[in-house]
Amino acid sequence: LYQYLIRKYERNEVSFKDVQFFSLDGLCGLPKDDKNSYYHILTNSFLNKIDAQEKNIHLIKEEGKTLEDFEKNAKEYEELLSKTQLDLQLLSFGENGHIGSNEPNTDFNLGTHVVPLTQETREKKKAIFGSLENTPQYAITQGIRNVLQAKEIIAMAKGKGKAKAGLIDIASYGILCYIHSLHL
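As the structure is a computational prediction, the values presented were derived from the model and not from experiment.

A. The arrangement of the overall build of the chain in detail. Helices and strands together make up the secondary structure of the chain, namely six helices and seven strands. Listing every helix and strand of the chain by position from the N terminus yields α-β-β-α-β-α-β-β-α-β-α-β-α. With 184 residues in all, the chain has 38% of them scored as buried. Relative to all contacts within the chain whose residues are 6 or more apart in sequence, the contacts with residues 24 or more apart total 75%. Of the roughly 11,400 Å² of accessible surface on the chain, 52% is carried by carbon and sulfur atoms.

B. Geometry of unusual backbone geometry. Even without being glycine, Asn 12 reaches a positive phi, approximately 60°. Tracing the backbone shows Asn 12 in the loop between α1 (2-10) and β1 (21-22). For Asn 12, a relative accessible area of 70% translates into the label exposed.

C. A nonpolar patch on the surface, seen in detail. A surface patch of nonpolar side chains, about 540 Å² in accessible area, is lined by Leu 1, Tyr 2, Tyr 4, Leu 88, Leu 90, Ile 154 and Met 156. Topologically, Leu 90 is positioned in strand β4 (residues 88-92).

D. Structural detail: the pattern of salt bridges. Enumeration according to the criterion identifies seven salt bridges in this entry. In this structure, Glu 13 and Arg 11 form a salt bridge, with 3.9 Å as the shortest nitrogen-oxygen distance. Glu 120 is the partner of Lys 124 in a salt bridge, and the nearest nitrogen-oxygen pair spans 3.4 Å. Here the residue Lys 124 and the residue Glu 120 both occupy positions in helix α4 (residues 119-129), the gap between them amounting to four residues, near one helical turn. Glu 120 sits in the partly exposed class, given a relative accessible area of 46%. Linked through salt bridges whose partners overlap, the residues forming this network are Lys 8, Arg 11 and Glu 13.

E. The arrangement of the pairing of β4 in detail. Burial of β4 is one-sided: the residues Gln 89 and Leu 91 facing one way are buried, the residues Leu 88, Leu 90 and Ser 92 facing the other way are not. As paired elements, β4 and strand β7 (residues 152-156) share five bridges and run parallel to each other. Following the sheet pairing, Ser 92 is matched in β7 by Met 156.

F. The sheet that holds strand β6 (residues 138-141), seen in detail. Pairing in this open sheet of three strands is antiparallel, and the strands run β2-β6-β5 from one edge to the other. Either end of the sheet is taken by a strand with one partner, and the two such strands are β2 (25-27) and β5 (113-116). Neighbour-to-neighbour, the strand axes of this sheet turn through a mean angle of 25°, independent of strand direction. Two elements, β2 and β6, share three bridges in a ladder whose sense is antiparallel.

G. Highlighting the side chain of Asn 36. You can see Asn 36 is positioned in the loop between β2 and α2 (38-45). Relative accessible area serves as the criterion here: at 14%, Asn 36 is assigned to the buried category.

Calculation criteria
- Residues numbered from 1 in each chain as written.
- Predicted model: local features only at pLDDT ≥ 70, side-chain atom pairs only at ≥ 80, totals over all residues.
- Heavy atoms only, no water.
- Helix = DSSP H or I, 4+ residues; strand = E, 2+ residues; numbered from the N terminus.
- Buried < 20%, exposed > 50% of the residue type's maximum accessible area, 1.4 Å probe, protein only.
- Contact = heavy atoms within 4.5 Å.
- Areas by Shrake-Rupley, 256 points an atom, 1.4 Å probe, with all protein chains shown as cover.
- Patch = residues over 30% accessible without salt bridge, like charges linked within 9 Å, V, L, I, M, F, W, Y side chains within 5 Å.
- Salt bridge = Lys/Arg side-chain N within 4 Å of Asp/Glu carboxyl O.
- Pairing = 2+ DSSP bridges.
- Axes fitted to C-alpha atoms, helices over the stretch in contact; angles between N-to-C directions.

Structure representation (C-alpha cells):
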C-alpha cells in the first residue's frame, strides 16, 4: 500500500502535506534511529518519500529503558489522541489476528497502553533482533477504543494466513465490515 501511495504522490495525483499521521503501535526501548523501530520503518519506507510535513507526524515514542518510561510514553500518546478525531485508521492483522499489539479478546475499553509481548511474538521477532535477549519485551499500542473512534477503518491482511486470521479477529472484536479483495 505504501508503494502505491508513493507512486500516486510521485505522479502528482495526491498530496499528503495537510495529512496528520499517527502510528498504531511501537516496540518499547528502541531509539528512533534503530532500523527495527516502527518510527524508523514508517519514516524511511513511507513518510520521507512523500510530502508529509514534520509537524504533522505523530508517532508513538518507543524510547525508554523502564516500564515506567513506556507507561509515560503511552499516557502522552493517549492524551494526544484524545484531542484528535482520526478520519481514517489503516490497519493490518497479525497472523494470530492481533490489531496493533492488541491480542484477540483485548478489552475494548483500553486506550493507548503498554502490553507485554507474547512469547510467540518475541520468538518471531528474535531473528530481526539477533536473539531473544535483544528482542523487546513490551510494545505500546493504541487500544481498540482508539481504533474504533476513527471515522473510517481500513483493515488489510496480506497473505492467506493473515487473511484467515483477520476474519477470525473481526469476529472476535465484533466489528462489522465489508471484505473486498484489492490488488494494487
